[in-house]
Amino acid sequence: MRIYITAIEITRAEADTLVKTPLISQLLIEWIKGEESEKFPLANLANAAAILQENLKQVNWAGFYLYDEKIDELILGPFVGKAAVVRIKPGSGVVGDAFSKQETIRVADVHVFDGHIACDPASNAEIVVPLTTASGKRLGVLDIDSTAFNRFGIKEQAEIEHFTKILLQYI
């Protein structure tokens with residue numbers, strides 16, 4: 001892979017942010033700004049799923065479940081991958097557990113996770129990150145599946161959590 005850099009003028013603060021910002025977050029920021037999609041949450045979720053699926057190795061599904069307060073369920077949102085379960089109750093499966101507990105859940109082997117909701121039999125590992133605003137409003141979760149066992153470690157968790165913090169500014 002080659003990266004081409006063109007001459008652009010940025011402030012020192014912007015340069016520091018780029019150095020500390022994981023690549024997937026940088027890609028998201030540049031895509032949203034380049035597309036001028038700051039005011040289009042659904043489009044940003046769709047492109048965020050695509051950015052993750054295209055730039056994380058061994059990922060076979062990346063997408064969102066969005067919380068519907070009226071029916072108290074997580075509803076399938078934008079995603080990239082095979083068709084998926086449309087409705088998940090909070091507390092059900094990895095997605096529902098992460099949402100209910102409001103904490104990231106990494107699963108090294110989904111086949112031994114009690115209550116795992118299988119959509120793609122090729123999935124072996126999963127990470128789910130809650131999407132919660134700074135004011136505490138629970139929006140849903142980011143769900144990423146991998147064909148590799150033990151795919152998501154602490155480093156990947158930190159990068160994906162950073163990605164969701166950036167994304168929350170645009171949804």
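Above this text you will find the structure in question.
Let me sum up the structure you'll find in this document.

Calculation criteria
- Residues numbered from 1 in each chain as written.
- Predicted model: local features only at pLDDT ≥ 70, side-chain atom pairs only at ≥ 80, totals over all residues.
- Heavy atoms only, no water.
- Helix = DSSP H or I, 4+ residues; strand = E, 2+ residues; numbered from the N terminus.
- Buried < 20%, exposed > 50% of the residue type's maximum accessible area, 1.4 Å probe, protein only.
- Contact = heavy atoms within 4.5 Å.
- Areas by Shrake-Rupley, 256 points an atom, 1.4 Å probe, with all protein chains shown as cover.
- Polar contact = N/O pair within 3.5 Å; in protein donor to acceptor, adjacent residues only side chain to side chain.
- Lys, Arg positive; Asp, Glu negative; His and termini not counted.
- Salt bridge = Lys/Arg side-chain N within 4 Å of Asp/Glu carboxyl O.
- Phe/Tyr/Trp six-rings, centres within 6.5 Å; stacked < 30°, edge-to-face > 60°.

### Here we look at the overall build of the chain
Step number 1: Per the secondary structure count, the chain includes five helices and six strands.
Step number 2: From first element to last, N terminus to C terminus, the chain shows the α and β order α-α-α-β-β-β-α-β-β-β-α.
Step number 3: Here the chain holds 171 residues, and 42% of them are scored as buried.
Step number 4: For the chain, long-range pairs separated by at least 24 residues make up 50% of all intrachain contacts whose partners lie at least 6 apart in sequence.
Step number 5: In the form shown here, the chain has an accessible surface area of approximately 9900 Å², with 54% of it arising from carbon and sulfur atoms.

### Description of the environment of I75
Step number 1: Tracing the backbone shows I75 in strand β2 (residues 73-80).
Step number 2: It is 8.6 Å that separates the C-alpha atoms of I75 and V85, two residues lying 10 residues apart in sequence.
Step number 3: Setting aside chain neighbours within four positions, we find I75 in contact with F64, Y65, L66, D68, V86 and R87.

### Focus: the side chain of E73
Step number 1: The topology assignment puts E73 in strand β2.
Step number 2: A polar side-chain atom of E73 sits 3.4 Å from a polar atom in the side chain of K89.
Step number 3: For E73, the residues in contact, after removing those within four places along its chain, are L66, Y67, D68, R87, I88, K89 and P90.

### With respect to the side chain of D145
Step number 1: Note on placement: D145 falls in strand β6 (residues 138-146).
Step number 2: Despite its burial, D145 remains without a salt bridge, the nearest opposite charge being carried by K82 at 11 Å.
Step number 3: A distance of 3.4 Å separates polar atoms of two side chains, one belonging to D145 and the other to S123.
Step number 4: Sequence-distant contacts of D145, defined by excluding residues within four places in its chain, comprise Q58, V59, N60, W61, S123, A125, E126 and F152.

### Notes on the packing of aromatic side chains
Step number 1: Scanning all chains against the criterion turns up three aromatic pairs.
Step number 2: Here the aromatic rings of W61 and Y65 are separated by 6.2 Å at their centres, their planes lie at 25°, and the arrangement is stacked.
Step number 3: Ring centres 5.2 Å apart and planes at 15° place the aromatic pair W61 and F79 in the stacked group. One end of the pair, W61, is in strand β1 (residues 59-68); the other, F79, is in strand β2, with 18 residues separating them in the sequence.
Step number 4: You can call W61 buried: its relative accessible area is 3%.
Step number 5: Residue classification places F79 among the partly exposed residues on the basis of a relative accessible area of 30%.
Step number 6: Chaining the aromatic ring pairs together yields one cluster made of W61, Y65 and F79.

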